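Notes for the structure review
Listed below, chain by chain, are the residues.
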Amino acid sequence: MFSSLLQIASAQEVILYKEVDTTQLFLEVIYPEEMDQTKEYPAMVFFFGGGWVGGERSHFEHQADYFAKRGLVCFLVDYRTRNKHQTSPFESLKDAKSAIRYIRKNAAKFHVSPSKIIASGGSAGGTWPPQQH
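Residues numbered from 1 in each chain as written. Predicted model: local features only at pLDDT ≥ 70, side-chain atom pairs only at ≥ 80, totals over all residues. Heavy atoms only, no water.

1. Here we look at unusual backbone geometry
Condition: Secondary structure follows DSSP: runs of H or I at least 4 residues long count as helices, runs of E at least 2 residues long count as strands, and numbering of each begins at the N terminus. When a residue's accessible area, from a 1.4 Å probe over protein chains only, is under 20% of the maximum for its type it is buried; when over 50% it is exposed; and in between it is partly exposed.
Its identity as a non-glycine residue notwithstanding, aspartate 21 has a phi of 55°, on the positive side. Take aspartate 21: it is sitting in the loop between strand 2 (12-20) and strand 3 (23-30). A positive phi angle, near 55°, is found at glutamine 86, a position not held by glycine. Tracing the backbone shows glutamine 86 in the loop between helix 2 (82-85) and helix 3 (89-105). Given a relative accessible area of 63%, glutamine 86 falls into the exposed group.

2. A short note on the pattern of salt bridges
Definition in use: Salt bridge, as applied in this entry: a Lys or Arg side-chain nitrogen positioned within 4 Å of an Asp or Glu carboxyl oxygen.
Here the structure, examined in full by the defined rule, presents four salt bridges. A salt bridge links arginine 57 to glutamate 28, with the nearest nitrogen and oxygen atoms 3.8 Å apart. Linking arginine 57 in the loop between strand 4 (41-47) and helix 1 (61-68) with glutamate 28 in strand 3, this pair joins segments that are 29 residues apart in sequence. Comparing arginine 57 with glutamate 28, the two get one shared label, buried. Each member of the salt-bridge network shares a partner with another, and the members are Lys18, Arg80 and Asp95.

So, to be careful, I would describe these as geometric facts and stop short of saying anything about function.
Encoded structure:
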């Protein structure tokens, strides 16, 4: 899947983490500015709010930048919503779980400690973190 990698800026990547039929779901990675490539870092995963009806991956961009500047690798995650994909919250939850699994599976490539991943979000996106065990 890393062949689906797009370089956005020196500190960011957008990666395809899941495909469902014709829908492609991406996660954006924001790295600390000065990373030691030999170390593992804690991670924070952000799920946008919007009542499972709408919302955008960029919702927590400022918070991700804030925490990346403090040494965390941050992820902004797409998930399916009713307005854009005609789906229910159940599909949204499946996508959130898929994103966490993808990050854990590829932790070494992201320089992330798989046991130090914080799931966070707002509104509907804030309901996913308790489900991520």
